[in-house]
Amino acid sequence: MKKIIDYLKNEFNSYSKNIRITLMVLFALVAGFLIFGIQILFWGLGYTDMNNNFAMGIWIIGDLGLVALGGGAFFTGFILYIFRNDKLEPLINSTVLLGFMCYLFTFILLVFDIGQPLRAWFGYTYPNWGSHLMPQSMLTEVVWCLTLYFCVLCVELIPIALKHKILDSIPVLHYIGHYLHKLMWIMAAVGTFLSFFHQGSLGGGMWGVLYGKPTWFRPHYFFLAIVAATAGGTSFMLLIPKIAEKVMKKKVAPAESFQSLAKISGIMFIAYTIFRIYDIVVMSVKYVPLADRSFIDLWGGFFGIWLLVVELACCAGAIVLLNLKKFREQEKFLFYGVICGVVAVVFSKFDAVLHGFSVPNFPWKGFTGYFPTIQEWVVMLGSFATMALIYMWFAKYMPFFPHLEKEKHKEGGN
Amino acid sequence: MKKIDRKDFLKIAGGAIAGSAVGTVFSGAPFISLQWLVEWTQDQHVPSSGLEKYLKGVCEICPNKCSISVRMIGERAVKVETSNSGCPFGQTSLQMLYHPDRITTPLKNTGSKGRAKFTPVTWDEAIKDISSKINGIIKSGKNDRIASINKERNLSSELLDRMVNSIGSNHSYYEPTLDTLTAGAVGGMLDYNFDDADFILSFGARLLEGWGDSASISKSFSRWKERKVKFIQVDSVCTRTASAADEWVPIKPGTEIFVALGIANHLIKKKGMGSGAADFGAWSAIAGEYTPEAASRLTGVPAKKIEELADALSRAKSPVAVAGKGGKAISSSSAEIIAVYGLNTIVKSRSVTTKQNVNFAGAAPIQTAAKFLAESKKCAGFDEFVKTKNFDMLIVNGADPVYKSVYGKELAAKLEKSFVVAIMPLVNDTAAYADYVLPSITSFESKTAAGDPVVKPVDGAIHAGDAVLRIAKMVEGLQQSFQWKSYTDLIALTGKTAGAAGFSFKGDILKKQLADLKKALGDANYSLSLVPIEAPVVGDGDGLAFPYAMKVLGSETFSSGKLYVQINRETAKKHGICNNESLKIITEKGKVGSVKALLTDSVSPDTVAVPMGFGHKFYTRYAEDKGVNPREIMNDKIDPLTGTASWLVTRVKLS
Amino acid sequence: MIINYNNLQLILNCYSFEFCLKNTFKEIRSKLVKRSIVLITIPFIVFTYISFILFQKACDYGMNLQAKKMEPFNHKTHTEKYGATCETCHGYDENGRFKGIPTIAECTSCHDRKGPATSKDPAQPLKKPFLAKHKDTDKPWESFARQPDLVYFSHKVVMTAKFEDGRLKSRCGSCHGEKGMSTSNDKIKGKMLMGQCEDCHTALNLSNKCAVCHD
Amino acid sequence: MMKDMENKMKRRWGMAIDLDKCTGCGECAVSCAQENNLPIFEDDSDIPKKMTYLDVMRITNDRDAKFPDVKVAFIPKMCQQCEGNDPKNPQPPCVSVCPVVATDTGDDGVVSQIWSRCIGCRYCQVSCPYEARVFNWWKPKYEGSFKKSLNPDVSIASRGTIQKCTFCSHIWKKERDKAVMKGELDINAVLYTPACVSACPTGAMVFGDLNDPKSEVSRLARDNRAFRLVHTIDQKKPDEQKKFRAIKNFPNPKVYYLSSKQWIRDLMRFK
């Protein structure tokens, strides 16, 4: 026992000061996550600031954001394996891990978010499938597609884990890893197919079908969410290795990989912005007037129209910085560009949730405010902290960035 | 075959574990256990079932004694069926019956008073101690220092009155209700015939908020709608009644009486109407000063409107003018009640008659009693008693004077020094100061004129009348006048009424009160007026003990532990108050707080509308520490006729 | 975004797929793998079977809610010899509520506390020794088929539902099994599962909406 | 109800509430709470998290008017039992979204909710434009002796489930049982009254069958004082209505409100 503690102490002290502070914050958040998580699971959702009007809060924003950003994994895999854009190969491991964690924590946050976590399995045993091929409830579709895609991501993750030098030395595992890797394009195809559905259903379809609510109701929301995920997700898949690069002070992937992914993301952002502008126009002239409201009146209250302004500004930023070669090739602007991309997509989810719920249902009621309680913040940030820790662990101990490995080999060879 | 080594063993074990897992999942056991886990962790309660039947009962929440039907499942009462003729207060009576905080054994105070720290004792012990205390007081010749306060007139209150009077004390009082107020001002209770009325003019009487016989008034109200009867509400706030009325005449707070006088003036001067009462002349001379124009200046109602009202009142076949501001909690000055009743007599309304309560006769007081009864003067009412008299012993029957009197704090100080007995089902603010709390039963547990009790009485609790009887039987000299075995023998004897004595206009009272009112309204230091309003079901505060009352309240009354007072937008702007701001309300008497401001144009300018019924210190776990009690700071000028502090107008400022 | 046609061609040729299949089979054929598979599969199957049986038994036991057998009762003699129907003892209250287990008072309406132990006259009420142990209000048996909580269910309505041609839609045995012909008081069913109700409803073309039974 | 349902239920329950008669006394809400075993939370004054099926909403026109032209009215709001645009295939906004079939449109048009099936995802609550669905944010409490006043016909929800008004459909089941006992087998002959309607002291609430043109409620629904909450589709011309319904966006509630006052109708419109 003492040995372990000593080992951990030494390990901890071997890092630089900044890393140590970061680690302490992250572990504190994880501890808080455990404590408040138990409180929420055992004593109910009363401790949140959600209420009968503002029925979903920061956690569903987390879910939507994680799925949209994690959706970058499917799109990157799709480009790599199906379109055979081999430039992305050095980033794929990081991408798969990010996708896996995003989906895992989507599940975790969903379990916190439902009132009866012990009945969560009802989603599988009593699904609201309706009489058609497609499930009747978007949430049923979300549950099933998320589960299946999560399984796919697990399979995709296995070869990465098996590449570890200890595991790799076992012949059976080596072969399994090798062949799984070879079969990965099937996984990518299946994943793309599944991801297509649940991106659309969780991010957009789930809200777009609520025909009683003028803030959300629009049939094309499903597709808008898919485009948003492809655009923002790729930015996210670029952003995290970039940060890793900054932290590790090593080149984790060749520049052309980043450039290629940035270009894809930039092009998707053009598509997304056009779609989003079409969406706003159609909302204001067609769908919102159906409910006797005017589009601009829906933007009031605490959060206001700034959500939309920030979202569109970030979209514009991402388009300019990621598509123009002049900017893209400068490290700093590339970084700003992908941040813009991630913020744009996250704000589009803020817009769906914060704005959507704050709009009054009755003319005599005002806009509702929502201020997440400490429990909600800690559970959400704690799960992000866990994700960060897992990613850090992989980056340190796993053959995570093939480029880095290659470099190391070269150094060793010399 | 190779030998099984450690690696192979691991493989077998792995296969076995995986196999068990799969088998377990497919057997369905995990799902069933999860279901059980859900039921167990959530404490899923299934109500026990039984044979369903409906029993007739009497709702005794208020003195009107509506008959209701109670749905029974086995021995449990589960629902009050009023079939469109009940009131919300009656619906809560099951919550009273099964209240978890009901006391089931006599409680004796241990420790200092006002803390509600009690230990249970037996009935015999409690009765013996109480009666020996009474005997001691009689022996020391202080018979008139025993007093009683009742909630309302019913069997047990008449019995308690009789006991206190027989001992030789005049001091038996009732909480201020419409009946006690009108009895003081007019000389008897007023019996309104709302069903036949064709014009209703209400001066701040919130008819639909618990005023009077609320069940029958709601029925009359729907009939007015069908018969197109004009119902006009004169009020300073847009209350529920004002908004449900055909017309709302907004006035400045506290000035209802000037509207009444303006109408009277118009009727006397222009229509030549009058009354044959003895001192009508003196009164009408004072009223003569309030021409519609003068009244208009004071009230803010256009003179033409006042004339219109007067015309409509005189034109109607059976008009009713109603006084008594408030809903369940009622207050009004005697001048105002007289003025409004005066309107009825001037237009010779057939729909308003007077009557009087009659106690059951045949008391045989103890020998020394007559002397005390002659010597000590009975106060005009409850607040006057609380303010002026001292006592050695107070018996409280269901009432809550500490909470409901504007002199609550003074009373609490007096209670600390005297011997207090409280007879009630739930410990309230007054019972917290009691030496003994005796548990009484609720309406569904007692035998009534309608028949047997609906449910068996809670173990340990007895009828308040029985408690009084048991005490009286132990008091020396009272035995022969309390020979009944149980309260059931008295059901037929109580609740009797008779015609009232003559009515007098009492011009001097009017003159004095008008002067006071004008002075108060002109107070520049305190520039706002406090108007009490009532929330549904909570009423004057008794309803707050029942958790379902909270289900009715909206965010405009009480939300997240804060009481909301309504303030006009213009006024708020003038005083620099913004919406949701925390405020303290200050009067000459003191301050209460904090409350939150709700800016709305539905109250008149310079008015603070404060909900009543909140701010209990001790009144079950559901009513404690909720909001503030505005009575603490309200106008405490005592009306000489009603003996009650009237809320004519309370001038306040905010901070 | 650049579609590489050469690569696409490779995919279409199933190059990689074929390649990996070939290699996989080669490996599977190797002894090492074969032995491992046997070692893992056999305990897997055995334990799947054992745990499945075990836990299903446990569930059944739990679902029966441990009904206690208090007094023996022979349904068969009652129905065959004396022509009693189910409703004779398990009837309805005045308000349509199902009475369930009869009380001793209902037994003594046929049996007698004081009558002879044996008699040749079938109309003669016989003395039953166990009656002496109980009061008239006792119910010395326990329910063997329980409706789950939170279900609204009216026996009377089900038992009176008829087809167009006047046949009854259900008999007692539809849900409770041929209890009337049993000689023991063994359990027939534990808690009735919702699926059983739903199956009948579907078969008889009745509504299966949630609120039909739940509230 | 295990009853002959071959001649499908013809009932389509609806409600009409006369706001001119409503005094906002709150008896309906208390009666509803008593009938439906509503839980008691430690602090029910936390209004956004309050558990009540029937919310007596106070509305005032001080948005449009100044003192003394202001008015106040009370709107008892329960689940509006929407049926969507096609009465033959009722599609309220909330039913199709439930991932676990915990909510369902009954044969009588009543939207049911089974709390023992609900997983508490609150998606239905999000979809409801009338805020009629409420969630058990805390553990429902029936302290001590309050348990004695629980109605056995309505099951008790656990923490973290959605509850809603079901027009007291358990009362209909009870009434149908009584009819069967009397030998009456046609379920469509049985009428009932929900707890709030039977409690209303002024008779402002009327309940009945909207399919029966002779019933009081369907007469009131066709009254020209009638309107439905928030949505002004009823006030539009028929061809315009048709256009609106073609794009599925109207919940089409079965609770009608009646008022002779123009300001209440004006307040239904967003500004």
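Because the structure is predicted, anything quoted here is derived from the model rather than measured.

Report on the pairing of strand β1 (residues 52-59) of chain B, specifying residues and quantitative values.
Looking down a regular strand, the side chains alternate between one sheet face and the other. Residue and element names in this part refer to chain B. Relative to strand β2 (residues 66-73), β1 runs antiparallel, the two being bridged by eight bridges. Looking across to β2, one finds that Leu55 is bridged to Val70. Following β1, the chain reverses through six residues before pairing antiparallel with β2; Lys65 in that reversal takes a positive phi of roughly 55 degrees.

Any chance you could break down the sheet that holds strand β12 (residues 319-322) of chain B for me, citing the residues and the numbers?
All names here are of chain B. Read from one edge of the open sheet, four strands run β11-β10-β9-β12, paired in parallel fashion. The two strands at the open ends of the sheet, each matched to only one other strand, are β11 (247-250) and β12. Direction aside, the axes of adjacent strands within the sheet are offset by 15 degrees on average. The pairing of strand β10 (residues 230-235) with β11 spans four bridges and is classified as parallel. Bridge pairing in β11 links Val234 to Val249. Across the sheet, helix α10 (residues 256-271) lies against β9 (199-203) and β10, angled at about 140 degrees from β9, the strand it touches most.

Explain the interface of chain D and chain B residue by residue, including any values.
Counting from both sides, the interface comprises 65 residues of chain D and, opposite them, 72 residues of chain B. For the pair chain D and chain B, the interface holds eight salt bridges. In this structure, Asp62(D) and Arg569(B) form a salt bridge, with 3.6 Å as the shortest nitrogen-oxygen distance. Top element by residues in the side of chain D that touches chain B is helix α1 (residues 27-35) of chain D. It accounts for seven residues. A breakdown of the residues in the side of chain D that touches chain B according to their chemical character gives 28 nonpolar, 16 polar and 21 charged.

Let's hear about the nonpolar core: which residues, and what values?
Judged by nonpolar contacts, the single largest core of 152 residues is most densely connected at Val437(B), Ile567(B), Ile585(B), Met15(D), Phe167(D) and Met205(D). Look past the residues within four positions of Ile567(B) in its chain and what remains in contact with it is Ala572(B), Ile577(B), Leu583(B), Ala597(B), Leu598(B), Leu599(B), Thr600(B), Val603(B), Thr607(B), Val608(B) and Leu654(B). Within the second largest apolar cluster, 144 residues are counted, among which are Ala55(A), Met56(A), Cys98(D) and Phe250(D).

Would you mind going over the pattern of salt bridges in detail, with residue names and values included?
Oppositely charged side chains are able to pair whenever their charged atoms sit close together. Scanning all chains against the criterion turns up 57 salt bridges over all chains. The salt bridge partner of Glu336(B) is Lys325(B), with a shortest N-O separation of 3.6 Å. Here Lys325(B) lies in strand β13 (residues 325-326) and Glu336(B) lies in helix α14 (residues 334-346), a separation of 11 residues in the sequence. Accessibility classification places Glu336(B) together with Lys325(B) in one group, the buried group. Three or more residues are tied together by salt bridges with common partners; here these are Arg218(A), Arg276(A), Asp279(A), Glu311(A) and Asp351(A).

Account for the side chain of Ser334(B), naming residues and giving values.
Residues and elements named next belong to chain B. With respect to the helices and strands, Ser334 occurs in helix α14. Judged by its relative accessible area of 0%, Ser334 is buried. Discounting residues that sit within four places of it in the chain, Ser334 has contacts with Ala185, Ile509, Gln513, Asp639, Leu641 and Thr642.

Mind laying out the interface of chain A and chain D, listing which residues take part and the relevant values?
Facing 55 residues of chain A, the contacting portion of chain D comprises 61 residues. When chain A packs against chain D, the two sides together hide about 4,800 Å² of surface, and 59% of this comes from carbon and sulfur. When the buried surface of chain A facing chain D is broken down by residue, Asn52(A), Tyr211(A) and Trp364(A) rank first, second and third, together holding 18% of it. Where chain A touches chain D, the interface holds three salt bridges. For Glu131(D), the salt bridge goes to Lys365(A), with nearest N and O atoms at 3.0 Å. The interface formed by chain A and chain D contains 30 residue pairs in polar contact (both at pLDDT 80 or more). Among the secondary structure elements, those contributing two or more residues to the side of chain A that touches chain D are α2 (17-43), α5 (122-125), α6 (138-162), α9 (184-208) and α11 (255-287) of chain A. Grouping the amino acids of the side of chain A that touches chain D by side-chain chemistry returns 30 nonpolar, 16 polar and nine charged.

Give a description of the sheet that holds strand β19 (residues 496-499) of chain B that names residues and reports values.
All names here are of chain B. The three strands are arranged β8-β15-β19 in an open sheet whose pairing can be described as antiparallel. Each having just a single partner strand, β8 (189-192) and β19 make up the two edges of the open sheet. For this sheet, the mean angle separating the axes of adjacent strands, direction not counted, is 50 degrees. Two strands pair when backbone bridges link them, and strand β15 (residues 352-358) and β19 are joined in this way by four bridges, in the antiparallel orientation. Looking across to β19, one finds that Gln356 is bridged to Ala498.

Conventions adopted
Residues numbered from 1 in each chain as written. Chains lettered and ligands numbered in written order. Predicted model: local features only at pLDDT ≥ 70, side-chain atom pairs only at ≥ 80, totals over all residues. Heavy atoms only, no water. Pairing = 2+ DSSP bridges. Helix = DSSP H or I, 4+ residues; strand = E, 2+ residues; numbered from the N terminus. Axes fitted to C-alpha atoms, helices over the stretch in contact; angles between N-to-C directions. Contact = heavy atoms within 4.5 Å. Salt bridge = Lys/Arg side-chain N within 4 Å of Asp/Glu carboxyl O. Nonpolar A, V, L, I, M, F, W, Y, C, P; charged D, E, K, R; others polar. Core = buried A, V, L, I, M, F, W, Y, C linked by side-chain atoms within 4.5 Å. Buried < 20%, exposed > 50% of the residue type's maximum accessible area, 1.4 Å probe, protein only. Buried area = accessible area lost by both parts, 1.4 Å probe. Polar contact = N/O pair within 3.5 Å; in protein donor to acceptor, adjacent residues only side chain to side chain.

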